[in-house]
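Here's the letter readout for the chains.
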Amino acid sequence: MTEKYSDFNELGKPKLIERIEKWDFKAWPYKEMIKYDKKGNIIKSTEFYTCEDLNGKTVSEKTTTHYKYDNQNNVIEIQREYDPKQEFPIIMIGGPAKYEFEYFRYKYNKNGLWTKKYKTVNGKEYLVAKRKYK
(Lines give C-alpha, C1' and ligand atoms only; values in the text may rest on other atoms or scores of the structure.)
Protein backbone atom coordinates (compact mmCIF):
# COMPACT_ATOMS: atom_id res chain seq x y z
CA MET A 1 0.00 0.00 0.00
CA THR A 2 1.20 3.50 -0.81
CA GLU A 3 -0.06 6.51 1.16
CA LYS A 4 0.27 10.16 0.19
CA TYR A 5 -0.43 12.91 2.73
CA SER A 6 -0.97 16.48 1.53
CA ASP A 7 -2.64 19.84 2.11
CA PHE A 8 -1.45 20.19 5.72
CA ASN A 9 -3.23 22.56 8.13
CA GLU A 10 -1.63 24.95 10.65
CA LEU A 11 -1.33 22.09 13.18
CA GLY A 12 0.67 20.02 10.68
CA LYS A 13 -2.17 17.55 10.09
CA PRO A 14 -3.03 16.40 6.54
CA LYS A 15 -6.36 17.41 5.07
CA LEU A 16 -6.03 14.91 2.21
CA ILE A 17 -4.89 11.28 2.37
CA GLU A 18 -4.65 9.13 -0.75
CA ARG A 19 -4.07 5.38 -0.61
CA ILE A 20 -3.29 2.98 -3.41
CA GLU A 21 -3.37 -0.71 -2.57
CA LYS A 22 -1.71 -3.28 -4.79
CA TRP A 23 -3.85 -6.42 -5.03
CA ASP A 24 -4.68 -8.98 -7.68
CA PHE A 25 -8.06 -7.36 -8.31
CA LYS A 26 -8.60 -3.96 -9.89
CA ALA A 27 -8.70 -1.20 -7.30
CA TRP A 28 -8.41 2.50 -7.83
CA PRO A 29 -7.05 5.12 -5.45
CA TYR A 30 -8.87 5.71 -2.20
CA LYS A 31 -9.07 9.32 -1.03
CA GLU A 32 -9.96 10.75 2.36
CA MET A 33 -10.57 14.44 2.97
CA ILE A 34 -10.36 15.52 6.62
CA LYS A 35 -11.60 18.64 8.43
CA TYR A 36 -10.28 19.49 11.92
CA ASP A 37 -11.43 21.76 14.74
CA LYS A 38 -9.08 24.29 16.37
CA LYS A 39 -7.88 21.64 18.85
CA GLY A 40 -6.82 19.24 16.08
CA ASN A 41 -9.78 16.85 16.47
CA ILE A 42 -11.26 15.39 13.29
CA ILE A 43 -14.78 16.82 12.93
CA LYS A 44 -15.52 15.58 9.40
CA SER A 45 -14.03 12.82 7.28
CA THR A 46 -15.12 12.18 3.70
CA GLU A 47 -13.88 9.00 2.02
CA PHE A 48 -14.05 8.26 -1.70
CA TYR A 49 -13.53 4.71 -2.93
CA THR A 50 -13.82 3.19 -6.41
CA CYS A 51 -13.42 -0.47 -7.34
CA GLU A 52 -14.60 -3.08 -9.81
CA ASP A 53 -17.34 -5.48 -8.68
CA LEU A 54 -17.51 -9.19 -9.52
CA ASN A 55 -19.32 -8.39 -12.78
CA GLY A 56 -16.58 -5.99 -13.94
CA LYS A 57 -18.70 -2.91 -13.28
CA THR A 58 -17.04 0.16 -11.73
CA VAL A 59 -18.57 0.98 -8.35
CA SER A 60 -17.99 4.26 -6.48
CA GLU A 61 -18.76 4.97 -2.84
CA LYS A 62 -18.64 8.11 -0.71
CA THR A 63 -18.75 7.97 3.08
CA THR A 64 -19.02 11.09 5.24
CA THR A 65 -18.49 10.81 8.99
CA HIS A 66 -19.12 13.70 11.42
CA TYR A 67 -17.64 13.74 14.94
CA LYS A 68 -18.50 15.76 18.06
CA TYR A 69 -16.35 15.98 21.20
CA ASP A 70 -16.74 16.80 24.88
CA ASN A 71 -14.56 19.26 26.84
CA GLN A 72 -11.92 16.55 27.37
CA ASN A 73 -11.64 15.93 23.57
CA ASN A 74 -13.35 12.54 23.73
CA VAL A 75 -15.78 11.60 20.94
CA ILE A 76 -19.38 11.89 22.11
CA GLU A 77 -21.19 11.55 18.78
CA ILE A 78 -20.57 9.92 15.41
CA GLN A 79 -22.89 10.39 12.43
CA ARG A 80 -22.35 8.46 9.17
CA GLU A 81 -23.70 9.11 5.68
CA TYR A 82 -23.19 6.81 2.69
CA ASP A 83 -23.67 7.45 -1.02
CA PRO A 84 -25.13 5.21 -2.29
CA LYS A 85 -27.27 4.85 0.82
CA GLN A 86 -26.46 1.86 3.06
CA GLU A 87 -28.56 -0.19 5.47
CA PHE A 88 -27.48 0.10 9.12
CA PRO A 89 -25.96 -1.49 11.08
CA ILE A 90 -23.03 -2.31 8.83
CA ILE A 91 -21.47 -5.50 10.14
CA MET A 92 -17.66 -5.39 10.29
CA ILE A 93 -15.54 -8.54 10.43
CA GLY A 94 -13.16 -8.31 13.38
CA GLY A 95 -14.66 -5.10 14.77
CA PRO A 96 -17.83 -3.48 16.06
CA ALA A 97 -20.78 -2.86 13.74
CA LYS A 98 -21.15 0.66 12.33
CA TYR A 99 -24.36 2.55 13.00
CA GLU A 100 -25.70 5.72 11.40
CA PHE A 101 -25.71 7.45 14.80
CA GLU A 102 -23.51 6.47 17.75
CA TYR A 103 -23.38 8.36 21.04
CA PHE A 104 -20.77 8.07 23.78
CA ARG A 105 -20.77 8.95 27.47
CA TYR A 106 -17.83 8.86 29.84
CA LYS A 107 -17.35 8.61 33.61
CA TYR A 108 -14.29 10.53 34.77
CA ASN A 109 -12.08 10.24 37.85
CA LYS A 110 -11.02 13.23 39.98
CA ASN A 111 -8.08 13.88 37.60
CA GLY A 112 -10.37 14.28 34.59
CA LEU A 113 -9.40 10.91 33.03
CA TRP A 114 -12.20 8.67 31.85
CA THR A 115 -12.65 5.38 33.67
CA LYS A 116 -15.75 4.06 31.87
CA LYS A 117 -16.93 4.56 28.31
CA TYR A 118 -20.55 3.91 27.29
CA LYS A 119 -21.93 3.67 23.77
CA THR A 120 -25.59 4.25 22.87
CA VAL A 121 -27.05 2.90 19.63
CA ASN A 122 -30.72 2.53 18.75
CA GLY A 123 -31.68 3.81 22.21
CA LYS A 124 -29.67 1.19 24.13
CA GLU A 125 -26.57 2.01 26.17
CA TYR A 126 -23.66 -0.42 26.52
CA LEU A 127 -20.49 -0.29 28.61
CA VAL A 128 -17.75 -0.67 25.96
CA ALA A 129 -14.53 0.06 27.87
CA LYS A 130 -13.09 0.41 31.38
CA ARG A 131 -9.79 1.93 32.40
CA LYS A 132 -7.76 1.60 35.59
CA TYR A 133 -4.98 4.02 36.44
CA LYS A 134 -2.13 3.16 38.79
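Refer to the structure presented above.
Residues numbered from 1 in each chain as written. Predicted model: local features only at pLDDT ≥ 70, side-chain atom pairs only at ≥ 80, totals over all residues. Heavy atoms only, no water.

Caption draft 1: Layout of the overall build of the protein chain. Scanning the protein chain for helices and strands turns up zero helices and nine strands. Listed by position from the N terminus, the elements making up the protein chain come as β-β-β-β-β-β-β-β-β. Over its C-alpha atoms the protein chain spans a radius of gyration of 18 Å, topping by over 25% the 14 Å that the globule rule assigns to 134 residues. Seen along its three principal axes, the alpha-carbon backbone of the protein chain occupies a region of about 55 × 40 × 25 Å. Residues classed as buried in the protein chain amount to 25% of the 134 residues present. Long-range pairs, those at least 24 residues apart, make up 17% of the contacts in the protein chain with a sequence separation of at least 6. Summed over all atoms, the accessible surface of the protein chain reaches about 10,000 Å², with 51% contributed by carbon and sulfur. (Helix = DSSP H or I, 4+ residues; strand = E, 2+ residues; numbered from the N terminus. Rg over C-alpha atoms; globule rule 2.2 N^0.38 Å. Buried < 20%, exposed > 50% of the residue type's maximum accessible area, 1.4 Å probe, protein only. Contact = heavy atoms within 4.5 Å. Areas by Shrake-Rupley, 256 points an atom, 1.4 Å probe, with all protein chains shown as cover.)

Caption draft 2: Seen up close, the packing of aromatic side chains. Per the stated rule, a full pass over the model turns up four aromatic pairs. Plain terms: the ring middles of Tyr 106 and Trp 114 are 5.7 Å apart, the flat faces sit at 55 degrees to each other, and that makes the pair tilted. You'll find Tyr 106 and Trp 114 in the same group, each marked buried. Site record: aromatic cluster; members linked through ring pairs are Tyr 106, Tyr 108 and Trp 114. The ring of Phe 104 has Lys 117 sitting right over it, with the charged end atom 5.0 Å from the ring centre. (Phe/Tyr/Trp six-rings, centres within 6.5 Å; stacked < 30°, edge-to-face > 60°. Lys NZ or Arg CZ within 6 Å of the ring centre and 35° of its normal.)

Caption draft 3: Main features of the pattern of salt bridges. Summed over the entire model, instances satisfying the criterion amount to eight salt bridges. With a shortest N-O distance of 2.9 Å, Glu 125 and Arg 105 are connected by a salt bridge. One end of the pair, Glu 125, is in strand S9 (residues 124-130); the other, Arg 105, is in strand S7 (residues 101-108), with 20 residues separating them in the sequence. Residue classification places Glu 125 among the partly exposed positions, given a relative accessible area of 39%. (Salt bridge = Lys/Arg side-chain N within 4 Å of Asp/Glu carboxyl O.)

Caption draft 4: Looking closely at the sheet that holds strand S8 (residues 114-121). Reading across from one edge, S1-S2-S3-S4-S5-S6-S7-S8-S9 is the order of the nine strands in this open sheet, with antiparallel pairing throughout. Among the strands making up the open sheet, the edge pair consists of strand S1 (2-8) and S9. Put simply, the sheet's adjacent strands are angled 20 degrees from each other on average, direction ignored. Pairing analysis gives three bridges linking strand S6 (residues 75-83) to S7, with the strands arranged antiparallel. Residue Gln 79 lies in a different strand from S7, and its bridge partner there is Phe 101. (Pairing = 2+ DSSP bridges. Axes fitted to C-alpha atoms, helices over the stretch in contact; angles between N-to-C directions.)

Caption draft 5: The pairing of strand S3 (residues 30-36), seen in detail. Residues Tyr 30, Glu 32, Ile 34 and Tyr 36 line the buried face of S3, whereas the alternating positions Lys 31, Met 33 and Lys 35 sit on a face that is not buried. When strand S2 (residues 14-20) meets S3, the two strands line up antiparallel, connected through four bridges. Across the sheet, Ile 17 pairs through a bridge with Glu 32, a residue of S3. Relative to strand S4 (residues 42-52), S3 runs antiparallel, the two being bridged by six bridges. Opposite Ile 34, over in S4, you have Ser 45 as the bridge partner. With antiparallel pairing between neighbouring strands as the criterion, S3 and S4 make up a hairpin whose turn holds five residues, including Gly 40 at a positive phi of roughly 95 degrees.

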